[in-house]
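Given next are the chains, with one letter for each unit.
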Amino acid sequence: MVHKPLNNGHATSDYKPDDLEAAISASRRKPRFKDIVNAAVHDDFHGELKRKLKDGVDRDELEKYRKSISELNEIKDKKVRAFYEQQNERLNDWLEVDTLVMSMADDVLDSMNPQDADGDGVAEIGGALKTTKGDIDPLLPEDERERRKTGERRAKWAININVIANIILLTAKIIAAFASSSLSLIASLVDSALDLLCTLIIWTTNKLVQWKIRRLRHKFPVGRRRLEPLGILVFSIIMIVSFLQILQESVTKLLPGGPRDAATLPPVAIGALVATVVIKGIIWFGCIRVKTTQVQALAQDCKTDVVFNTLSLLFPLLGHQFSLWWLDPVGAALLSLFIIYDWAETCFENVARLTGSAVSPNVLKKVTFLAWRFAPVVDAYKTITAYHAGDGVWVEMDIMLKEETRLSRAHDIAETLQYCLEGLSEVDRAFVSVDYTSQGPTGHAEG
């Protein structure tokens, strides 16, 4: 048997492979001096970065520029009052961003330096992002988390109430339509049927977006948020096509040879239309406060229904009262044109968002302010681009650091900025690139 020397210089012939592996593992568990130095340097950098980010904004100084409600009411000039109202909204955005950075900076940075506590080669201590498996919601300020949960609960209630209300109103209008030949009432019946379809589409897309199924994650790696505007887009097209048919029927009735009798509305039809106006008005005011695209679409639909059903009630009643046979089909035609225009606008708006339209100036200013909050640790910004990818916003930011900046430092700055951007309620995804010169391309091919 061949004798092999061990570390102590003595020869042995009875060692086992398992003993050697155990010895190697034991040596690996001993922290090396280089590792200790690197960890100390890394912790010192993180401490410096946290201090710079936390000392960025004097919140009390910002609050000096806020106008109270009583002060706003005292301003008689509408343009001046609107200016200060916008300034208050801007201050709200800035303070929200500052709170977000203050809340998330520690947790995100601590997650950038995972540590192997027991020396087994697996990092057990990885910061909050390791604990939450990349979910940043638990890292958000408590009031922001509560606000978003409240918004989700209100959106769920709004959708469910709309489903129930539309079923009841559709049933009532079907009964009323059999008792009247009014085109305006038929148009209102079609509108209610499509309202129910719209609500079901929104309810379905909302459930599909919330499903947390592993198979769906692999199939849609960046989420399914764009299903929501796609559902609204499909419904908009259905709405436009349906009311084109109502418009065609109204024009046909106005042509020579059509019936010349003024349509009458029985009490059941009047009751159905009045109930629609009242119920939809209540739901409309309830949905206005929920600032999600789905619920805002429902709010728009309820507002349209209030106007639509009010006129659907007035046109046949006035036509019958004054013996104007043409008022009902003319009213139905005008209502159809109104619905077509309203939903065509919604259709084009969703198409623009799905194809990457620019964000509103307010959102861009909010993103830019968050970038400014990182000015103490970033040398310059090369580009800031924000655009829609459906309802949500995607942000691309090209930051500049010194050429000699270490990779670990550049990584931690860029990724902390990325997570803070994605912490904004408007932003779905953010991409932060690092550059060291203002010359040259920005990192994307021109298409």
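Procedures and definitions
- Residues numbered from 1 in each chain as written.
- Predicted model: local features only at pLDDT ≥ 70, side-chain atom pairs only at ≥ 80, totals over all residues.
- Heavy atoms only, no water.
- Helix = DSSP H or I, 4+ residues; strand = E, 2+ residues; numbered from the N terminus.
- UniProt positions renumbered as here; feature names shortened; annotations may be inferred.
- Contact = heavy atoms within 4.5 Å.
- Core = buried A, V, L, I, M, F, W, Y, C linked by side-chain atoms within 4.5 Å.
- Buried < 20%, exposed > 50% of the residue type's maximum accessible area, 1.4 Å probe, protein only.
- Patch = residues over 30% accessible without salt bridge, like charges linked within 9 Å, V, L, I, M, F, W, Y side chains within 5 Å.
- Areas by Shrake-Rupley, 256 points an atom, 1.4 Å probe, with all protein chains shown as cover.
- Salt bridge = Lys/Arg side-chain N within 4 Å of Asp/Glu carboxyl O.
- Expected span 1.5 Å × (residues − 1).
- Pairing = 2+ DSSP bridges.
- Axes fitted to C-alpha atoms, helices over the stretch in contact; angles between N-to-C directions.
- Phe/Tyr/Trp six-rings, centres within 6.5 Å; stacked < 30°, edge-to-face > 60°.
- Lys NZ or Arg CZ within 6 Å of the ring centre and 35° of its normal.
- Right-handed = clockwise from strand over helix to strand, strands pointing away.
- Parallel < 35°, antiparallel > 145°, perpendicular 65-115°, else oblique.
- Left-handed = near helix turned anticlockwise from the far one by under 90°.
- Nonpolar A, V, L, I, M, F, W, Y, C, P; charged D, E, K, R; others polar.

**Focus: the environment of Lys365**
For Lys365, the location among the structural elements is in helix α14 (residues 361-373). As a C-alpha pair, Lys365 and Arg90 span 275 residues in sequence and 8.6 Å in three-dimensional space.

**Observations regarding the UniProt feature "transmembrane region" (unreviewed entry) in the protein**
Following the UniProt record, one finds the feature "transmembrane region" (unreviewed entry) at residues 157-179, 185-209, 230-248 and 268-288. Across residues 230-248, helical content stands at 100% and strand content at 0%; the span's end C-alpha atoms are separated by 28 Å. Between the C-alpha atoms that bound residues 268-288 there is a distance of 30 Å. The span itself is 95% helix and 0% strand.

**A look at the environment of Ser188**
By the secondary structure assignment, Ser188 is in helix α8 (residues 183-210). Through-space distance from the C-alpha of Ser188 to that of Leu273 is 8.3 Å; in sequence the pair is 85 residues apart. The residues contacting Ser188, other than those within four sequence positions of it, are Lys173, Leu273, Phe308, Asn309 and Ser312.

**What about the nonpolar core?**
Counting residues in hydrophobic clusters, the biggest one holds 38 residues, and the most contacted among them are Leu370, Phe374, Val395, Met397 and Leu421. Counting only elements with at least two residues in this core, the list comes to α2 (33-54), α5 (78-111), α14, β4 (393-400), α15 (407-422) and β5 (427-435). Other than its neighbours up to four places away in sequence, Leu370 contacts Val97, Leu100, Val101, Leu417, Cys420, Leu421 and Leu424. One finds Cys198, Ile232, Ile340 and Ala344 within the second-largest nonpolar core, a separate group that totals 23 residues.

**Comments concerning a nonpolar patch on the surface**
A surface patch of nonpolar side chains, amounting to about 330 Å² of accessible area, comprises Val274, Val278, Ile279 and Ile282. The topology assignment puts Val278 in helix α11 (residues 267-287).

**Quick look at α14**
The first and last C-alpha atoms of α14 sit 18 Å apart over 13 residues, in line with the 18 Å expected at 1.5 Å per residue. Looking at α14, one finds that the buried residues are Val363, Lys366, Val367, Phe369, Leu370, Ala371 and Arg373.

**So, the sheet that holds β5**
A sheet is described by the order of its strands in space; here 3 strands give the open sequence β3-β4-β5, paired in mixed fashion. Across the chains shown, the open sheet's two edge strands, defined by having one partner strand only, are β3 (380-388) and β5. Taking the axes of each pair of neighbouring strands and ignoring which way they run, one obtains an average angle of 10 degrees across the sheet. Sheet topology note: the β3/β4 ladder contains 8 bridges and is antiparallel.

**Brief notes about the environment of Phe374**
Secondary-structure assignment places Phe374 in the loop between α14 and β3. Using a relative accessible area of 1% as the deciding quantity, one classes Phe374 as buried. Taking the C-alpha atoms as reference, Phe374 lies 7.4 Å from Leu417; in sequence the two are 43 residues apart. Apart from residues no more than four positions distant in its own chain, Phe374 is found in contact with Leu53, Val101, Tyr381, Ile413, Thr416, Leu417 and Cys420.

**A few points about the packing of aromatic side chains**
As enumerated under the stated definition, the model contains 5 aromatic pairs in all. Ring plane angle 10 degrees and centroid distance 4.9 Å describe the contact between Trp94 and Phe369, whose orientation is recorded as stacked. Residue Trp94 is located in helix α5, and its partner Phe369 is located in helix α14; the two are separated by 275 residues in the primary sequence. According to the relative accessible area criterion, Phe369 is buried, its value standing at 9%. For the ring pair Phe369 and Trp372, a centre distance of 5.5 Å and an interplane angle of 25 degrees mean the geometry is stacked. With a gap of 3 residues between them, Phe369 and Trp372 both fall in helix α14, about one helical turn apart. Judged by its relative accessible area of 46%, Trp372 is partly exposed. Put simply, the rings of Trp94, Phe369 and Trp372 pair up and form one aromatic cluster. For Lys67, the ring lying beneath its charged end belongs to Tyr84, and the centroid distance is 4.9 Å.

**Describing the pairing of β4**
Consecutive side chains along a regular strand alternate between the two faces of the sheet. The buried fraction of β4 is high, at 7 of 8 residues. Between β3 and β4, which follow one another and run antiparallel, lie 4 residues, and Gly390 among them has a positive phi close to 90 degrees. Here 8 bridges tie β4 to β5, and the two strands are oriented parallel to one another. Its bridge partner being in β5, Met397 is matched across the sheet by Val432. With α15 bridging β4 and its parallel neighbour β5, the resulting β-α-β unit is right-handed.

**Quick notes on the pattern of salt bridges**
Evaluation of the coordinates by the stated rule reveals 10 salt bridges. The salt bridge involving Lys382 is made with Asp435; its shortest N-O contact spans 2.7 Å. Within this pair, whereas Lys382 is found in strand β3, its partner Asp435 is found in strand β5, the two being separated by 53 residues in sequence. On the basis of relative accessibility, which here comes to 18%, the residue Lys382 falls in the buried class. According to the relative accessible area criterion, Asp435 is buried, its value standing at 13%.

**What to know about the packing of helix α10 (residues 227-254) against helix α13 (residues 327-354)**
Between α10 and α13, the least distance of the axes is 8 Å, while the angle of their chain directions is 160 degrees. By the angle class used here, α10 and α13 are roughly antiparallel. For the crossing formed where α10 meets α13, the hand is left-handed. Looking at side-chain class alone, the contact of α10 with α13 contains 25 nonpolar, 5 polar and 2 charged residues.

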